[in-house]
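The primary structure of each chain is shown beneath.
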Amino acid sequence: MCDHHHFRSHTPMGDIEHTSQLSENIGALFENSEYSDVRFIVDGTTFHAHRVILAARSEYFRAMLFGGMKESDPNCTDIELLDQSAVAFKSLLKYIYTGKISLSAMKEEHLLDVLGLSHQYGFIELETAISDYLKDILNITNVCLIYDMANIYTLQSLSKTCFEFMDRNAAEVLISENFLVLSESSLYEVISRDSFCAPEIDIFQAVCSWRENNPEADISKIVQAVRITLMNIKELLNFVRPTHLVCPDAILDAIKLRTECRDMELNYRGFLVPDENVATLRHGALVIKGEIKAALLDGEVTNYDLDRGFSRHPIDENLGQGLVIKLGAPHIINAIRILLWDRDMRSYSYYIDVSMDERDWIRVIDHQKYLCRSWQNLHFKPVVAKYIKVVGTHNTVNRVFHCVAFECMYSNKVVKMENGLIVPTDNVATIEASANVIEGVSRSRNALINKDTKNYDWDSGYTCHQLGSGAIVVQLAQPFIIGSMRLLLWDCDDRSYSFTVEVSTDQQNWYMVADKSRDACKSWQTIVFKKRPVTFVRIVGTHNTANEVFHCVHFEAPADASALAQYLPPPEESKSENPVVMEEHEEQNQNVEQMIYDGAA
């Protein structure tokens, strides 16, 4: 009895899991005619199978074998599958029985066939696994075939990877054998992309070769995707016209457009390198105008002072010279970062133009009306550019524009813009975002914007000014569209404060966004106003119930989304008999709701 109790106390309690043995037993039925109740004939080869296993593994086979179709009849033992590869079907059948398949051991054409079968029969996990494997083995000889399959089965991730590969290797793709077997729709999509960057005459000649290989295809739509306005007159007359693929009027229109319209209005192609700085020596970029050219693209953003580490140009009446960067190739860009010299408190104004020929320029950034300092994070609509010109128009200290670093790229980051300025969802009044406290007294100059809202006491952790003189002023690195801000008043005792908040873009013209000069305010204050461009924020204390100093611990703009949500009053609290007050409440609430939405997005 004692032994009996000893045995029970050591018996494991729980579930039994012998799945490996089960898998082996079911796997043993693969290609086993024993107990088989259905046979598939594929390309002359017979495969024995078991209805219940197929139905358990695939909704497609469940519908075929048990859904009332003719194959559901138990007497229907032979099922012929047309237009399928026996090798691919065998691999799929093995996967159905064992859950295993060796992709690396398969030839590419069979791999693509299995991809098609996995899509047809609804094996999503297998389809995804094959797609991921194909991404790893992409090369010039197979990318067109793989893209065609991805296009047919709407495999968006695989299609995107194929596009990116073809974009990087456009010239080689155009002369590859498999380019000639692209489907009509795939060819059109490939050459329609702005980022499929190759000489237009090469694209046109590749389309001509494709047509010879596909004489029955309708070539008209594909030819329209060729940008003949990017060809010179010699190419149009000597290569395009003899093919008769483009009508004479279209050729004349292209010549007219090429000679009369602005160069930047032409529909250029450019290389697309997502989220990577292409203004580097590695990418072939050079500074071709400006003084001390080598400093701008060397990647050094820490070792600079009054004498070194920056490029520059004089600010004079002959604006337009500036610093000019020539990229190694035309690139699609939508973001630029520059570091303005910031070893003192000076500010700069500037604009940025881009061009393809260094003659016709379009403006992507115009900060001539604003005072900017340190790092500038700039976004604009995507544009194809080979030349980028940064022109300083003002320096608060002297007549020279100094730039320490320059970067440009295509950014996948989603950025909301209004009137050419960023509408930030996160706090940009931070040290990391290159903001500065330019007026106010504190033990640490930027204590107000160091994001520390916990560590403050009677002696430190706050910024202040004497009531009746001075102010606290925060300068953002660049102009932003701001519609809210939040500040933390010193609250280690029961005192209350009164204050006002104004904003500006030039430190000359100020706009009042909060007048709390007659309010008794304590601790956290959330301010919401109609969105507007903001570079400078001036906080002026007007009263303190304890002494003659105004103390502020923390400032942020825009306000944290959670603070805005708490600030938004319930609808019944917004009611007023005064229609003007009601309208102000409604506008304010809509502004808060939009900013909360932007923050969540």
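Presented here is an overview of the structure given in this document. The shown structure was predicted, so the numbers you read here are calculated from the model rather than taken from an experiment.

In terms of regular secondary structure, the protein chain is built from 17 helices and 19 strands. Looking at the protein chain residue by residue over its 601 residues, the buried ones come to 47%. Relative to all contacts within the protein chain whose residues are 6 or more apart in sequence, the contacts with residues 24 or more apart total 74%.

A separate point is the sheet that holds strand β1 (residues 38–42). Ordered in space as β2-β1-β3, the three strands form an open sheet in which the pairing is mixed. With one partner strand each, in any of the chains shown, β2 (45–49) and β3 (78–81) form the two edges of the open sheet. Here the average twist between neighbouring strands, direction ignored, is 25°. With four bridges joining them, β1 and β3 adopt parallel strand pairing.

Turning our attention to helix α8 (residues 143–152). Across the ten residues that make up α8, a large majority, seven, are buried. When α8 is considered as a whole, its buried residues turn out to be Val-143, Cys-144, Ile-146, Tyr-147, Asp-148, Met-149 and Ala-150. Close packing links the buried residues of α8 with α6 (108–120), α7 (124–136), α9 (156–168), α10 (170–174) and α11 (184–192). In the segment just after α8, Thr-154 is the residue with positive phi, at about 45°.

At a closest axis distance of 10 Å, the pairing of helix α14 (residues 233–240) and helix α15 (residues 248–260) adopts a crossing angle of 170°. One element, α14, and the other, α15, form an angle in the roughly antiparallel class. In terms of crossing hand, the pair formed by α14 and α15 is right-handed. Between α14 and α15, the contacting residues are Ile-233, Leu-236, Leu-237 and Val-240 on the first element and Ile-251, Ala-254 and Ile-255 on the second. Broken down by class, the residue content of the contact of α14 with α15 amounts to seven nonpolar, no polar and no charged.

This paragraph deals with the nonpolar core. Among the nonpolar cores identified, the biggest contains 78 residues, and Phe-40, Leu-54, Phe-61, Phe-89, Ile-96, Met-166 and Ile-191 are the most heavily contacted of them. For this core, the element with the most residues is helix α5 (residues 86–98), which contributes eight residues. When near neighbours in sequence (up to four residues on either side) are disregarded, Phe-89 contacts Phe-40, Val-42, Phe-47, Phe-61, Leu-81, Gln-84, Leu-117 and Tyr-121. In terms of nonpolar packing, the next biggest core, distinct from the first, is built from 50 residues, Leu-266, Ala-279, Tyr-350 and Trp-375 among them.

Two elements in contact, α7 and α9, have axes separated by 9 Å at closest approach and are oriented at 5°. Between α7 and α9, the angle is such that the two are roughly parallel. Between α7 and α9, the residues in contact are Ser-131, Leu-134 and Lys-135 and Ser-157, Leu-158 and Thr-161, respectively. A class-by-class count of the residues in the contact of α7 with α9 yields two nonpolar, three polar and one charged.

Conventions and cut-offs
Residues numbered from 1 in each chain as written. Predicted model: local features only at pLDDT ≥ 70, side-chain atom pairs only at ≥ 80, totals over all residues. Heavy atoms only, no water. Helix = DSSP H or I, 4+ residues; strand = E, 2+ residues; numbered from the N terminus. Buried < 20%, exposed > 50% of the residue type's maximum accessible area, 1.4 Å probe, protein only. Contact = heavy atoms within 4.5 Å. Pairing = 2+ DSSP bridges. Axes fitted to C-alpha atoms, helices over the stretch in contact; angles between N-to-C directions. Parallel < 35°, antiparallel > 145°, perpendicular 65-115°, else oblique. Left-handed = near helix turned anticlockwise from the far one by under 90°. Nonpolar A, V, L, I, M, F, W, Y, C, P; charged D, E, K, R; others polar. Core = buried A, V, L, I, M, F, W, Y, C linked by side-chain atoms within 4.5 Å.

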